[in-house]
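# Structural description and commentary
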Amino acid sequence: MTVQVPEIKLNENVKLNSKETALIIVDMQNDFCDEKGSLFVPESRKTIEPIQKLIEKAREKNVKIFYTQDTHKKDDKEFEIWPVHVVEGTWGWEIIPELKPTENDIIIRKLRYDGFYGTSLDHYLKIYNIRNLVIVGTVANICVLHTAGSAALRWYNIIVPIDGISALNEFDYYIALRQIDFLYKGILTKVEFIEFV
Ligand code: ZN
């Protein structure tokens, strides 16, 4: 069987109000993004530089930056599905040094794929009057997609630069793009096309 990817449009001119926009960096942690990590996503390495550029643009305009940090206890039920990963307090759990958060950033420790589920993310977005979420990180069809979907269900506008997300294979990567575009009416773009104004 051959699957064809439906056409997915990229928006090449995305201007976002700095005060109403937040950047959400999903799960860029050693276990996912370092080759020694327990659930390594090789493609995630290629997204580090675009994400660094996006962070730089965001910091210039005081755009709020959130990091999600997948966080599990040693005997987490998720380990019935996945190998042991991001156990709280371990090296694998830490955000990669290339994208180290600063003290002004907000780190959301998340329990499952969805960054909103059981966390304070929505609370912070509401008190900062955020409407637009630029979402990057890994894994594209797992935690990025669930977080983007959960945001869209809450009527946030979602913007996803396709050079800022990564998956374990191409099929999974395109599933994420298709769902963000078709189902959640998100804007797909590239880091270079995003401007915070
Ligand atoms: Zn997990």
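Notes on the structure in this doc start here. Remember, it's a predicted structure, so these values are computed and weren't measured experimentally.

### As for helix α4 (residues 140-153)
By the largest-angle criterion, His-146 marks the main kink of α4, which is about 25°. Burial analysis of α4 places 12 of its 14 residues in the buried class, which makes it a mostly covered element. Ala-140, Asn-141, Ile-142, Cys-143, Val-144, Leu-145, Thr-147, Ala-148, Gly-149, Ser-150, Ala-151 and Ala-152 are the residues of α4 that are buried. On its buried side, α4 packs onto β2 (21-26), β4 (106-110), β5 (132-138), β6 (157-161), β7 (165-166) and α5 (170-183).

### Some thoughts on the packing of aromatic side chains
Scanning all chains against the criterion turns up three aromatic pairs. Centre to centre, the rings of Tyr-124 and Tyr-128 are 6.5 Å apart; their planes meet at 15°, and the pair counts as stacked. On the accessibility criterion, Tyr-128 (32% relative accessible area) is partly exposed. Summarising the aromatic geometry, the rings of Tyr-173 and Tyr-174 are spaced 5.2 Å apart at their centres and angled 85° between planes, so their arrangement reads as edge-to-face. A cation sits over an aromatic face here: Arg-112 above Tyr-113, 5.0 Å from the ring centre.

### Re the pattern of salt bridges
Under the counting rule described, the total for this entry stands at 14 salt bridges. Across the salt bridge formed by Lys-46 and Glu-43, the nearest N and O atoms sit 3.0 Å from each other. Note on Lys-46: relative accessible area 57%, which makes it exposed. Overall, Glu-43 belongs to the partly exposed group, its relative accessible area being 37%. Arg-154 is paired through a salt bridge with Asp-122; the nearest N and O atoms lie 4.0 Å apart.

### Observations concerning the coordination of the zinc ion
With distances of 2.1 to 2.2 Å, the protein atoms coordinating the zinc ion are Asp-70 (OD), His-72 (NE2), Glu-78 (OE) and His-85 (NE2). Metal-centred angles of 89 to 159° between the four donor atoms at the zinc ion mark the site as irregular.

What counts, and at which threshold
Residues numbered from 1 in each chain as written. Predicted model: local features only at pLDDT ≥ 70, side-chain atom pairs only at ≥ 80, totals over all residues. Heavy atoms only, no water. Bend = angle between axes of the 7 residues up to and from the residue. Helix = DSSP H or I, 4+ residues; strand = E, 2+ residues; numbered from the N terminus. Buried < 20%, exposed > 50% of the residue type's maximum accessible area, 1.4 Å probe, protein only. Contact = heavy atoms within 4.5 Å. Phe/Tyr/Trp six-rings, centres within 6.5 Å; stacked < 30°, edge-to-face > 60°. Lys NZ or Arg CZ within 6 Å of the ring centre and 35° of its normal. Salt bridge = Lys/Arg side-chain N within 4 Å of Asp/Glu carboxyl O. Donors = N, O, S within 2.8 Å, 3.2 Å for Na, K, Ca; no water. Tetrahedral: all angles 85-135°; square planar, octahedral: opposite > 155°, others 65-115°.

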